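# Structure assessment
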Amino acid sequence: MAAQVEGIKFLNRNLPSFAVEEARRIAREQFGLEGELELLVSERDQNFRITSPGGGDGYVLKLANVDEDPGVVDLQTAALRHIERHDPSLPVPRVIPSRDGEPSTMVRAREGTQHIARVLTYLPGMLLEEAENTPELRRNLGTLMGRADLALRGFFHPHARHPLLWDTMRCPELRVHTRHVGDAEARRNVESVLDHMDAVVLAQLAGCRNQIIHNDAHSNNVLVDPDRTDRGVGLLDFGDMLYGPLVVEVANAADSVAAHAEDSVRALAEVAAGFDRVLPLEELELDLLYDAYLARLAITATIIAWRKAVTPGQPAYLPEYEAPCWAAIDRMMSRGRRAVRSQLREVCRFPPHCPSPPAPSPPDDVGELLARRRRVLGRSLYLFYDPPLHVERGLGPWLYGADGRPYLDAYNNVPVVGHSHPQVVRALSRQAAALNTNTRYLYRSVLDYAERLGAVLPGELSACLFVNSGSEANDVAWQMAKLLTGRGGALVMEHAYHGITAATAELSPYDTTKPLAPHVRTLIAPDPYRGPYRHGDPDLAARYAADADRALAELAEQGHEVAAFMVDTSFCSNGIPEVPPGYLAAVCAKVKAAGGLVIADEVQAGFGRPGSHFWGHTAHGVVPDIVTLGKPVANGYPLGVVVTTLDALDEFGRATGLFSTFGGNPVACAAGLAVLDVIEEEGLLPRAKATGDHLLEGIRGLMSGHRIVGDVRGQGLLVGVELVRDRKTRAPAGAETKQLLNILRDNGVLIGREGPHGNVLKIRPSLAFGPEHADRLVAALERSLAALVIPTRTSAKPPT
Ligand code: PMP
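Residues numbered from 1 in each chain as written. Predicted model: local features only at pLDDT ≥ 70, side-chain atom pairs only at ≥ 80, totals over all residues. Heavy atoms only, no water.

### Comments concerning the overall build of the protein chain
In terms of regular secondary structure, the protein chain is built from 23 helices and 26 strands. Within the protein chain, the proportion of its 800 residues that are buried is 55%. Here the analysis covers contacts within the protein chain between residues at least 6 apart in sequence; of these, 75% occur between residues at least 24 apart. Working note: accessible area of the protein chain is about 33,900 Å², and carbon and sulfur atoms make up 52% of it. (Helix = DSSP H or I, 4+ residues; strand = E, 2+ residues; numbered from the N terminus. Buried < 20%, exposed > 50% of the residue type's maximum accessible area, 1.4 Å probe, protein only. Contact = heavy atoms within 4.5 Å. Areas by Shrake-Rupley, 256 points an atom, 1.4 Å probe, with all protein chains shown as cover.)

So this is what it looks like as structure tokens:
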């Protein structure tokens, strides 16, 4: 109802009609101002500019409409004073107090009516409406409003919710007036906008950031510099100010500049980007901008039509704006919410939108992305899945397709505490906003992080060298081992993968078509399912460990003494075998006895994956000389670490002076610290153990119904499921495994494959994975196994 009442006020305008002489007397007697008076154009009030020689730009005497609510005038005065305190250089009028020191006084007109009189400083400039409507102007307009809202952030006033016809949050009240829109299609359009606001958007806007906003920075209320018209030099008319959603400020400021622009969507995006520059928009706010802008256009169009209908014969209201406003409504609606949101996101650098729930007909842009990818990333970088998966968002254990479809991510171990964990994201962004530099300077986060790592590592392992990836960490660890031992021989597991640098590639014999480097020997994988010694043998650990004697002897034959044994403590690329207890400790003892060092590559196993332990090596009862960390360290922010004893690090440092520019930067360390916090606070180790046990049990339950499942093994949240064509011969079912991955993807679950034959399902989810996710995975695996058909060919891929 209030908007109706306000509407009536607005239809019967009751403009005050003081004579110039009376106004001059008010200025002199009430405000102590003398000078020339000039009547200015106004919608609601009677405004006189007062100038005097030597008096600068002068003042504006504002004689309010008889209906003006004194509370709303006070709201404006208080807001202007608040802005003056919080952003003194923001170009808004200053309040000039009366001779009594009040911001306004009451004056009586000849007719006996009472009017509020007040004086503001006059701001010179050219109306934005008259300036060339350029991208710079639109961005700067957005920035001006961002600054205004920043300045108004802590402001409140009891009249901030005054009823206003132009209040976007009350736009459904205008629904009764849409009947005045003559054109049927246009009417349907505004009605659908108002109805959608009512049904969906208003509740969402109410949940966004709300504060007192100017609400009406249209092109008649903003002044620009006549010499540089893209510069806003004045923000006027705070009469429509109210408490409302911040994003409505952007929509209303964009109002006419976007409507008059050739590309209204781009223009709207430019205003938003300008605003975002000083007052970053939240994702939901940006996504609601399309609706908020359309609502503003619908409000304007309805009011114009209504006023025309009920005041026949009177001059038209906003005559020059009527046609552009309708045209903008058409343009916006024909582009559609989805396309406009995408463009707004692109301009404001938000990642692409992932609708939820899934869009009914997802756009098929995979072909286009593939073509672009081939051009810029080359033709040989293979993609998971056929067709490849287009993802733009992840949260916790979920990844979301660009079409909004959720996929349970049981593959990616890098986001160890879950995709986009808010605590990690916050830590990253707060540190990035404060400082990012390198370890040549003193700063706390790198020290805090190194100390925290040392506290979760065994023995003397507490001295850190920071790099940026697992490969680099292994490369440095290998350099270190050679330097500390003065030797050059290496032992690694067969099919191991340790990195992409020249040195670590030589330590990565996963590609069996390439000859081994002479300084490298491999150990047989301790795989009691497929290897030479199998379950049932009472001496499995010792038998497999004895292979180290052979390898050490072979190394010596090649003229190399062992510098180090580098081992992925999860044995991931060996197909996640069930390593016999005591095996790794026995091998390490042999290596140490031969004078070599043990490098535990924790890139896969580290940070709680085994569930029972924080590290793979501790799960195997081994204390290494050097530990390398990668992948999960910072939940996806690049960070690699080499940890060793202080003496070892000092010796290496003295000899090499090795330093990495990005290694251990404050942002990486902040992320790393947040990962450790989350693992601890959310109890992710015991959870990984419980979830892993539950998962193993669930998958083992499928073995009786699916003969292709030959073996199920794992520890914590690293589970291998070996598929075989025949349980007796154990013939690897590589092609079936590959096919199964695609079927699982169709069933909404992402899993990888591993092992020399590519026939082991690699289940390696984040530790955010819980029993409910495990159940979902098992159900999907069961459905997918049932859908499997026998294909013809397989190929092994490098581990990732
Ligand atoms: N070590 C192991 C055990 C790995 O699995 C990997 C990556 N798959 C690496 C090292 C190399 O890490 P990055 O890709 O970060 O260089």
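### Digging into the nonpolar core
Among the nonpolar cores identified, the biggest contains 93 residues, and L235, L289, Y293, L297 and M332 are the most heavily contacted of them. Sorting elements by how many residues they give to this core places helix α8 (residues 283-310) first, with 16 residues. Setting aside its immediate chain neighbours within four residues, M332 contacts S264, V265, L268, Y290, Y293, L294, L297 and V340. Counting 74 residues, the second largest nonpolar core, distinct from the first, contains V417, V446, L685 and L785. (Core = buried A, V, L, I, M, F, W, Y, C linked by side-chain atoms within 4.5 Å.)

### Comments concerning the sheet that holds strand β7 (residues 126-127)
If you walk across this open sheet you meet the three strands as β7-β9-β10, and the pairing is antiparallel. Pairing within the sheet leaves two strands with one partner each, and these edge strands are β7 and β10 (228-235). Taken together, the four bridges between strand β9 (residues 222-225) and β10 define a ladder with antiparallel strand orientation. Opposite V222, over in β10, you have L235 as the bridge partner. Packed on one face of the sheet, helix α4 (residues 135-151) meets β9 and β10 and runs near 25° to β10. (Pairing = 2+ DSSP bridges. Axes fitted to C-alpha atoms, helices over the stretch in contact; angles between N-to-C directions.)

### Some remarks on unusual backbone geometry
Geometrically, the link from D386 to P387 is a cis peptide bond, its omega value of -5° lying close to zero. Turning to its location among the elements, P387 is positioned in the loop between α11 (366-377) and β12 (391-395). Positive phi is not limited to glycine here, since D237 has a value of about 50°. Counting through the fold element by element, D237 comes out in the loop between β10 and β11 (242-245). Of note, the phi angle at R349 is positive, near 60°, even though the residue is not glycine. Within the element layout of this structure, R349 appears in the loop between α10 (337-347) and α11.

### Remarks on the packing of helix α6 (residues 246-260) against helix α9 (residues 319-335)
For any two helices packed against each other, the geometry comes down to the angle between their axes and how far apart the axes lie. The N-to-C vectors of α6 and α9 enclose an angle of 85°; their axes lie 9 Å apart at closest approach. Between α6 and α9, the interaxial angle falls into the category roughly perpendicular. Only E320, Y321, P324, A328 and R331 of α9 make contact with α6, whose side of the interface consists of D255, S256, A258, A259 and H260. In terms of residue class, the contact of α6 with α9 is made up of five nonpolar, two polar and three charged. (Parallel < 35°, antiparallel > 145°, perpendicular 65-115°, else oblique. Nonpolar A, V, L, I, M, F, W, Y, C, P; charged D, E, K, R; others polar.)

### Points about α4
With 17 residues, α4 ought to run about 24 Å at 1.5 Å a step, and its terminal C-alpha atoms sit 24 Å apart, in line with that. Turning to α4, the residues buried within the fold contact α3 (70-86), β8 (210-213), β9, β10, α6 and α7 (264-278). (Expected span 1.5 Å × (residues − 1).)

### Comments concerning the sheet that holds strand β18 (residues 562-568)
Strand order across the open sheet formed by seven strands is β15-β21-β20-β19-β18-β16-β17, with mixed pairing between neighbours. The sheet terminates laterally at β15 (463-467) and β17 (520-523), the two strands that pair on one side only. Going from strand to strand, the sheet's axes swing by 20° on average, the running direction of each strand aside. Helix-sheet contacts for helix α16 (residues 540-557) involve β16 (489-493), β17 and β18, and the interaxial angle to β17 is about 165°.

Keep in mind these numbers describe shape, not what the thing actually does.
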